[in-house]
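Okay, here's what each chain looks like letter by letter:
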Amino acid sequence: MAGDYGDEAGEKMIDDFMRFGERMGERAMYERAHRIQRAFENATQAAKRSAGQEAPEWAKLDMAEFRRIEGYDGIKATIETELRSRGVESAWFADPETGKEHLLFRIADAREVWDSFDRLGREAGAAAEKAAERLRASARDDRGGREERRAGGREPSGSPALADSRPLEERAEHARGAAAALEAQRSTTRAAERGARPPKARAR
């Protein structure tokens, strides 16, 4: 995809999918990509319809479909990057009366806007694929690093000891408590042993 050739919007889309995939998993990431793709397709058609207007100078595009997709801020960042790369002047407007948000752009830039949405929609699936590949590669690197550290004796194969991750004072307090408990247990054991011994016979 274009992101592989240094395209900023493409890379931003991949990064957005990676962050989502890390949190929600690969399947949810692909489902999100499908919804984003459909939203871009619909936005492309809406932008084309706005091109026939002569007045006013600005057109607005309802972002309701995008807002229903989790990670809306990441989608907005990708759109902003793509439009900026094309020299499109745009703005976001949240209507306090309706609660809707719109993307505002000049009618003269309508073609660039719908071309942007069309391109991003076509690349959404490829971006999700690339994000999945990078996440899997990262997971393999992490596993390889852990195995190498274990083989070199730098990382135990099991869970790290509790004392390793606690402050020195807390470790010392824990050690004192454990020593006191051990000493109390020994005292109890000695007392029980003394009580279990038969009394010595008195000399006659």
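Refer to the preceding data block for the structure.
Residues numbered from 1 in each chain as written. Predicted model: local features only at pLDDT ≥ 70, side-chain atom pairs only at ≥ 80, totals over all residues. Heavy atoms only, no water.

(A) Inspection of helix α1 (residues 8–24) at higher detail. Taking 1.5 Å per residue, 17 residues should reach 24 Å; α1 reaches 24 Å between its end C-alpha atoms and fits that length. Residues of α1 that are buried: Ala9, Gly10, Met13, Ile14, Asp16, Phe17, Met18, Phe20 and Gly21. For α1, the N-terminal cap is Asp7; the gap from its side-chain oxygen to the backbone nitrogen of Ala9 is 3.4 Å. In the segment just after α1, Gly25 is the residue with positive phi, at about 100 degrees. (Helix = DSSP H or I, 4+ residues; strand = E, 2+ residues; numbered from the N terminus. Expected span 1.5 Å × (residues − 1). Buried < 20%, exposed > 50% of the residue type's maximum accessible area, 1.4 Å probe, protein only. Polar contact = N/O pair within 3.5 Å; in protein donor to acceptor, adjacent residues only side chain to side chain.)

(B) Representation of the sheet that holds strand β2 (residues 90–94) in the model. Pairing within the open sheet is antiparallel, and its 3 strands lie in the order β1-β3-β2. At either end of the open sheet lies a strand with only one pairing partner, and these are β1 (58–62) and β2. Across the sheet, the mean angle separating the axes of adjacent strands is 30 degrees when strand polarity is ignored. Most of the contacts of helix α2 (residues 26–50) go to β1, to which it runs at about 155 degrees, and overall it touches β1 and β3 (101–106). Along the sheet, helix α4 (residues 72–85) contacts β2 and β3; its crossing angle with β2, the most-contacted strand, is approximately 150 degrees. (Pairing = 2+ DSSP bridges. Axes fitted to C-alpha atoms, helices over the stretch in contact; angles between N-to-C directions. Contact = heavy atoms within 4.5 Å.)

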